[in-house]
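Observations on the model geometry
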Amino acid sequence: MLQNKITDNCADEFISATVVMAIFNGEKHIKNQSVSIAESIPFDSGMVQIVLVDDCSIDSSLEIALGVFNKRPDFDVRVIKNKKNIGPFRSFEKGLKYVTGEIIFLADQDDYWCKSKFSVILKEFRNRPTLGLIAHSASLSKDGYLTGNLIPSLKNGELFALGCCLAFRSDLIQDMLERYRKLTSLLGYPLGHDRFICLYFQSSCNWTLLKQELIVHFIHSSNYSTRVKRKMSFREKFHKKIIERSAIYSVLRITSSQTIRLRINKLVYGVLAKIF
């Protein structure tokens, strides 16, 4: 099991924060998202770092985002421009190398933050000093209509939530990034950053799920998750799943006893979800 290095940073009232956003040709949605993030962060939050990773956009996405964030003198805005298009997984990995805040928020370019998100998340971390990760729920919207919600879940004992619904402490970030690089080397491709972050914190420290819907996640043809994928046979899917799980458990040093514990967690949270 990974050593829990979470420190008691929340003993003080003030907690610093960083928002990491990956950008790629998102000019249609990025202004609303940037404005919603800025409006969610109170002016008395201290200096908040904003890390923007531009993945070789050919539109005005970056300029639009900067036009919003640069209006706030309490935002420390850092721009990272990729020399070539590397995709969202590697872009978020790159952005995480530059964080300075104690609490890290991941933000998609095309979502919408509810006004209470920033304060709710920081309050939760402040009240629970040993908490390493929070996964919250999201409202889903398609074609201008709310179509349902997305609730973080345990699948086969493994915690999973979209990256845009995650916030976590930066104490373990260097160790996490090193293990992510090892996993990418083993697989030959980057695993979804959101899946890896969930598994990393689930295996290393305390985490919690919030049913509060703190963002609106928009479903549209430009979502990375809706891209056309090569169809795989059942055998290919099965082999890919086994290889990925073996590599992940090896990199995170998850033992058989921990695997059993993950499955027990799934049962416990399933029961609690029905009760509450």
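Let us look at the structure shown here.

Each value, and the rule that gives it
- Residues numbered from 1 in each chain as written.
- Predicted model: local features only at pLDDT ≥ 70, side-chain atom pairs only at ≥ 80, totals over all residues.
- Heavy atoms only, no water.
- Helix = DSSP H or I, 4+ residues; strand = E, 2+ residues; numbered from the N terminus.
- Buried < 20%, exposed > 50% of the residue type's maximum accessible area, 1.4 Å probe, protein only.
- Polar contact = N/O pair within 3.5 Å; in protein donor to acceptor, adjacent residues only side chain to side chain.
- Axes fitted to C-alpha atoms, helices over the stretch in contact; angles between N-to-C directions.
- Parallel < 35°, antiparallel > 145°, perpendicular 65-115°, else oblique.
- Left-handed = near helix turned anticlockwise from the far one by under 90°.
- Contact = heavy atoms within 4.5 Å.
- Nonpolar A, V, L, I, M, F, W, Y, C, P; charged D, E, K, R; others polar.
- Phe/Tyr/Trp six-rings, centres within 6.5 Å; stacked < 30°, edge-to-face > 60°.
- Lys NZ or Arg CZ within 6 Å of the ring centre and 35° of its normal.
- Pairing = 2+ DSSP bridges.

Position of Ser-203 among the secondary structure elements: in helix H6 (residues 193-204). When its relative accessible area of 4% is taken as the criterion, Ser-203 is described as buried. A distance of 3.0 Å separates the side chain of Ser-203 from the backbone oxygen of Tyr-200, its partner in a polar contact.

It is the contact of helix H1 (residues 30-40) with helix H2 (residues 61-69), at a shortest axis distance of 9 Å, that shows an interaxial angle of 25 degrees. Accordingly, the angle class assigned to the pair H1 and H2 is roughly parallel. Our pair here, H1 against H2, has a crossing hand that is right-handed. Of the residues in H2, those touching H1 at Ile-30, Lys-31, Ser-34, Val-35, Ile-37 and Ala-38 are Ser-61, Ile-64, Ala-65, Val-68 and Phe-69. Its residues assigned to classes, the contact of H1 with H2 comprises 8 nonpolar, 2 polar and 1 charged.

Considering all chains together, one arrives at 7 aromatic pairs under this definition. Ring geometry for Phe-105 versus Phe-118: centroids 5.2 Å apart, planes at 20 degrees, classification stacked. Pair noted here: Phe-105 is in strand S4 (residues 103-107) and Phe-118 is in helix H4 (residues 117-127), with a separation of 13 residues, a long-range link. Across this residue pair, the class does not change: Phe-105 and Phe-118 are buried. Note on Tyr-180 and Phe-196: the rings are 5.2 Å apart at their centroids and 55 degrees apart in plane angle, and the pair reads as tilted. Pair noted here: Tyr-180 is in helix H5 (residues 173-187) and Phe-196 is in helix H6, with a separation of 16 residues, a long-range link. The same class applies to Tyr-180 as to Phe-196, namely buried. Among the aromatic residues, those joined into a cluster by ring pairs are Phe-168, Tyr-180, Phe-196, Tyr-200 and Phe-201. Lying across the ring of Phe-43, Arg-72 places its NZ or CZ 3.8 Å from the centre.

When you tally the buried positions in S4, you get 5 out of 5 residues, the bulk of the element. The alternating pattern of S4 places Ile-103, Phe-105 and Ala-107 on one face and Ile-104 and Leu-106 on the opposite face, and all of these are buried. Across 3 bridges, S4 lies against strand S10 (residues 166-169) in antiparallel orientation. In the sheet register, Ile-103 faces S10, and the bridge partner there is Arg-169.

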